[in-house]
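# Observations on chain architecture
What follows is each chain in one-letter form.
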Amino acid sequence: MRYISTRGAAPALEFDDVLLAGLARDGGLYVPETWPSLTTEAIRALRGKSYADIAVAVMQPFLIGETGGKIGDGDFTAMVKDAYAAFRHQAVVPLKQIDQSLWLMELFHGPTLAFKDVALQLVGRLYDHVLKARKQRVTIIGATSGDTGSAALEACRDRDAIDIFILHPKGRVSEVQRRQMTTIDSANVFNIALEGTFDDCQDMVKAMFNDHAFRDRVNMSAVNSINWARVMAQIVYYVVGAVALGAPDRRIGFSVPSGNFGNVYAGYGARQMGLDIAPLIIGSNRNDILARFFNTAAMQITQVEPSLSPSMDIQVSSNLERLLFDLYGRDGQALAAAMGDFRKAGRMTAPRQSWKQVETLFAAAAFDDKATLAAMGDLYKRTGELIDPHSAIGIAAAEAKRADPEIPIIALATAHPAKFPEAVERATGRRPDLPDHLADLYDRSERMTVLPNNLERVKDFVLASRRNQ
Ligand SMILES: Cc1ncc(COP(=O)(O)O)c(C=O)c1O
Ligand SMILES: N[C@@H](CCOP(=O)(O)O)C(=O)O
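Residues numbered from 1 in each chain as written. Chains lettered and ligands numbered in written order. Predicted model: local features only at pLDDT ≥ 70, side-chain atom pairs only at ≥ 80, totals over all residues. Heavy atoms only, no water.

## A word on the overall build of the protein
The cut-off we apply is this: Helix and strand labels come from DSSP, where a helix needs a run of H or I of at least four residues and a strand needs a run of E of at least two; each type is numbered from the N terminus. For every residue, the accessible area obtained with a 1.4 Å probe (protein chains only) is divided by the maximum for its type, and the residue is called buried under 20%, exposed over 50%, and partly exposed between those limits. Accessibility throughout is a Shrake-Rupley quantity obtained with a 1.4 Å probe, and a residue counts as covered only by protein chains that appear here. Within this scheme the basic residues Lys and Arg register as positive and the acidic residues Asp and Glu register as negative, but His and the chain ends are omitted. By convention, the charge on Lys lies at NZ, on Arg at CZ, on Asp at CG and on Glu at CD.
Along the protein, the regular secondary structure elements total 19 helices and 15 strands. Seen along its three principal axes, the alpha-carbon backbone of the protein occupies a region of about 55 × 50 × 50 Å. Taking all 469 residues of the protein together, 63% fall into the buried category. As displayed, the protein offers around 17,200 Å² of accessible surface, 47% of which is attributable to carbon and sulfur atoms. In the protein, 53 positive and 55 negative side-chain charges are present, and the distance between their average locations comes to 2 Å.

## Description of the site of ligand 2
Stated precisely, the cut-off is as follows: Proximity criterion: a residue is near a molecule or strand once any of its heavy atoms comes within 4 Å of it. By the criterion applied in these results, polar contacts are pairs of N or O atoms within 3.5 Å in which, for protein atoms, one can donate a hydrogen and the other can accept it, and in which residues neighboring in sequence qualify only through two side-chain atoms. In this classification, Asp, Glu, Lys and Arg are treated as charged, Ala, Val, Leu, Ile, Met, Phe, Trp, Tyr, Cys and Pro as nonpolar, and every other residue, Gly included, as polar.
The environment of ligand 2 is made up of Lys116, Thr144, Ser145, Gly146, Asp147, Thr148, Phe198, Asn224, Ser225, Arg230, Asn260 and Ser311. Interatomic distance of 3.0 Å between a side-chain N/O atom of Lys116 and an oxygen atom of ligand 2. Interatomic distance of 2.9 Å between a backbone N/O atom of Ser311 and a nitrogen atom of ligand 2. A total of 340 Å² of accessible area belongs to ligand 2 in isolation, and the protein chains cover 96% of it. Looking at the shell around ligand 2, its residues break down into 1 nonpolar, 8 polar and 3 charged.

## What to know about the site of ligand 1
Within the structure, ligand 1 sits among 15 residues, and Lys116, Asp147, Gly259, Asn260 and Thr414 are positioned closest to it. For ligand 1, an oxygen atom lies 3.4 Å from a polar atom in the side chain of Ser311. Protein burial of ligand 1: of its 380 Å² of free accessible surface, 97% is covered by the chains. Here the residues of the shell around ligand 1 sort into 5 nonpolar, 8 polar and 2 charged.

## Topic: the UniProt feature "domain: Tryptophan synthase beta chain-like PALP" (unreviewed entry) in the protein
Put simply, the rule is: UniProt positions are given in the numbering used here, feature names are shortened, and annotations may be inferred rather than shown by experiment.
As recorded in UniProt, the sites labelled "domain: Tryptophan synthase beta chain-like PALP" (unreviewed entry) are residues 96-333. Counted over residues 96-333, helix gives 44% and strand 20%. Its end C-alpha atoms are 44 Å apart.

## Concerning the sheet that holds strand E15 (residues 449-452)
Where we set the bar: Whether two strands pair comes down to DSSP finding at least two bridges between them. The contact definition used throughout considers only heavy atoms, calling two residues in contact when any of these lie within 4.5 Å. Axis lines are fitted to C-alpha atoms, over the contacting stretch for helices. Their N-to-C directions set the angle, which ranges from 0 to 180 degrees.
Strand order in this open sheet of 5 strands is E8-E5-E6-E7-E15, and the pairing throughout is parallel. A strand with exactly one partner marks an edge of an open sheet, and here the two such strands are strand E8 (220-221) and E15. One ladder, built from 6 bridges, connects strand E6 (residues 162-169) with strand E7 (residues 189-195); its direction is parallel. Bridge pairing in E7 places Ile166 opposite Asn191. Running over the sheet, helix H6 (residues 147-156) touches strand E5 (138-143), E6 and E7 and is turned about 165 degrees from E6.

## Quick look at unusual backbone geometry
Of note, the amide linkage connecting Ala247 to Pro248 takes the cis form, showing an omega dihedral of 10 degrees. Locating Pro248 in the fold gives a position in the loop between helix H10 (228-244) and strand E9 (252-257). Phi angles above zero are rare outside glycine, and Lys135 is one such case at about 50 degrees. Mapped onto the elements of the fold, Lys135 is located in the loop between helix H5 (116-134) and E5. According to the relative accessible area criterion, Lys135 is exposed, its value standing at 78%. For Asp158, which is not a glycine, the phi torsion comes out positive at approximately 60 degrees. The residue Asp158 is located in the loop between H6 and E6 in this model.

## What to know about the side chain of His416
With respect to the helices, strands and loops of the structure, His416 is situated in the loop between strand E14 (409-413) and helix H18 (421-428). Apart from residues no more than four positions distant in its own chain, His416 is found in contact with Arg88, Phe108, Leu113, Asp388, Asp433 and Pro435.

## Focus: the pairing of strand E13 (residues 362-366)
Among the 5 residues that make up E13, 4 are buried, leaving the element largely enclosed by the rest of the structure. When strand E10 (residues 277-284) meets E13, the two strands line up parallel, connected through 5 bridges. Of the residues in E13, the one forming a bridge with Gly283 is Ala365.

## A short note on the packing of aromatic side chains
Operational definition: The rule is short: rings of Phe, Tyr and Trp, with Trp giving its six-membered ring, pair when the centres are within 6.5 Å, and they are stacked under 30 degrees, edge-to-face over 60, tilted in between.
Tallying each qualifying case throughout the model produces 20 aromatic pairs. Judged by centre distance (6.1 Å) and plane angle (85 degrees), the ring pair of Phe165 and Phe461 falls under edge-to-face. Of this pair, Phe165 sits in strand E6 while Phe461 sits in helix H19 (residues 455-465); the two residues are 296 residues apart in sequence, bridging distant segments of the chain. The class for Phe165 is buried, based on a relative accessible area of 0%. Measuring from centroid to centroid gives 5.3 Å for Phe293 and Trp355, while their planes differ by 80 degrees, and the two rings are edge-to-face. Of this pair, Phe293 sits in helix H12 (residues 289-296) while Trp355 sits in helix H15 (residues 355-361), placing them 62 residues apart in sequence.

## Focus on the sheet that holds E13
With mixed pairing, the 6 strands of this open sheet are ordered in space as E3-E4-E14-E9-E10-E13. This sheet does not close on itself; its edge strands, each paired only once, are strand E3 (95-97) and E13. Mean inter-strand twist for the sheet, computed between neighbouring axes without regard to direction, equals 25 degrees. Looking at chain direction, strand E4 (residues 102-106) and E14 are connected through 5 bridges and run parallel. By the bridge assignment for E14, Glu106 is matched with Ala413.

## A word on the packing of helix H8 (residues 198-210) against H19
Spelled out, the test is: Angle categories are assigned with fixed cut-offs, so that under 35 degrees is roughly parallel, over 145 is roughly antiparallel, 65 to 115 is roughly perpendicular, and the rest are oblique. Should the near helix be turned anticlockwise from the far one by less than a right angle, the crossing is termed left-handed; should it be turned clockwise, right-handed.
Here H8 crosses H19 at 70 degrees, and the two axes come no closer than 11 Å. Taken as axis vectors, H8 and H19 run roughly perpendicular relative to one another. In this structure, H8 crosses over H19, and the sense of that crossing is right-handed. Here Met204, Ala207 and Met208 of H8 lie close against H19, whose contacting residues are Leu455, Val458 and Lys459. Considering only residue class, the contact of H8 with H19 consists of 5 nonpolar, no polar and 1 charged.

## Here's the deal with the nonpolar core
Generally speaking, a soluble globular protein has its nonpolar side chains buried in company with each other. Heads up, the condition is: For this analysis, a nonpolar core means a set of buried residues of the types Ala, Val, Leu, Ile, Met, Phe, Trp, Tyr and Cys, connected via side-chain atoms within 4.5 Å.
Judged by nonpolar contacts, the single largest core of 119 residues is most densely connected at Tyr84, Phe294 and Phe362. Looking at which element gives the most residues to this core, the answer is H10, with 13 residues. When sequence neighbours within four positions are dropped, the list of residues in contact with Phe294 reads Phe261, Ile282, Leu320, Leu323, Trp355, Val358, Phe362 and Ala364. The next biggest cluster of nonpolar side chains, apart from the first, holds 28 residues, and it includes Ile281, Leu379, Ile387 and Ala392.

Right, here's the structure in full:
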C-alpha cells in the first residue's frame, strides 16, 4: 500500500513513513493510492469476532508495503490487542439500542473518555514500535479543540523518543478537557494555551509542517487526523457496528457529530472499502460550515463562535480536503489550486461533476445550543441515558435526517458526558460523575504555557523546550 498526497506534489510513501511524516511536504494530506477491498465474504467472516480481531483484519492491508510490510503481522496483532485491552468495556465500543432503528455506539470507554482514544491508543504503540526499530526520535506537535490533546498526551506521555507539544485555544475547551491535558506530569509533555481559536492552532501546526527547515530540524510528526494512521484506526468501528447490525446483508447508516471531518471521513473510507453504509449523516453545531457545504455545495468561512460542544467549534475542517481530492477526480494540482483560492477568498464551491455522488452518500444538519440541550434532555426523558453535547448533535442529526426507517442508524457517541458536566446538568438536572481514575482531576496541579497567536513565538518555544535536541 502506498500513500499519495492530496496536493499531488509530494513523493508517495509507505505506511511507516506516513505514520511519522504527518502533513505531506507539499502541504497536502496523505490518502491511500487505492482502497483495500472488503469483500462480502470477508465482511461476513467478521461476525462474532472480537473488536481486536476485526481491527487487525480491517487494518492489516493498509500496512502492507511493496516488500511485504515492515511491521510484522505478529507485532501488529499484539499492539492492537494491547491497545484495546485497556478499554473499560469488553466490547470496546458497545452499541445501545435507542428505538426501533436508532443505536448509540459508545466510543468513550478509553482512558481519556473520548473517541480519540480508539485511534490514539493504537497510534501511540505504533510510534513506539517504528521509532524503536529506526532508533529515531520525533517532536509531535498537535492542535486540539479539547479531546485530541488529552488522548494524544495519554498515548505518548513518558516516552524518551517523543516530545509532544499540544496547542489548545485558551479558554475555549471545557474545564475537564483542559485539566486532562494540563495535569499530566511528564517530562516529555508541553501544553500551550494559544490566544486564538482551534482554527488558529491547526493553521499554526500546518504552518510549522510547511516550514521545511523547522520540521526537519525537530523531526516533526503529527497526532491529529493529519496522520493517516488516525483515520485508518477509526474505520474499524464503522465495520464493527455495521457487522453487529447485519452487514453485509443489510445496509446501515451512521450519524456523526462533526468538526474536523476526520470521523465522517473514516466512515467514507469504510464505504470505499466495500461496506454498504449510507447515509453518512453529519451533525454540526452553530459553527455550521460543514452542514452548509453538504446542503448547498458551497462553503464560506465565518467567525468561529463558542458553543456547548467546543470540540466542534471549527471553521476549516481539515479532512474535507481528503474527500475533495476524490471529488476533484484525484487531481492534486487542481485541488491545490482550489485550496489556495479557498484560503484566500474564504469560500469554495464543490466541483459540479461529482456532486450527485455526494448527495447519495451524505446528509447534514446543524443544531444550536438550545437544540443541543433539547436533544440531551429529550433522550434522558425517553431512555434515562445521559449523553454529552457532541453526541447529542449526532442523535439530533440522525432524527432529523433519517429517511428510510428500514435502515438502522448508528449515532456515534464521541465523548463521555462527564467531560461536559455543566451542559449535561443544564439539560437533564443530573451532573455526571467522572470515572474513578479521574475522580481527583480537580485536585491535581496544572502546567501550561500561554502564548500569543504568533508562529515565530510558538516555534521558539518548541525549540527552547524540547529535550530531543
Ligand atoms: C467529542 C467530540 N465529538 C465530535 C468531534 C468531531 O470529530 P471530527 O473532528 O473527527 O469531525 C470531536 C473532535 O474531533 C470531539 O472531540
Ligand atoms: N475535535 C478535535 C479537533 C482536532 O481533530 P483531529 O481529529 O484532527 O485531531 C479535538 O478534540 O481536538
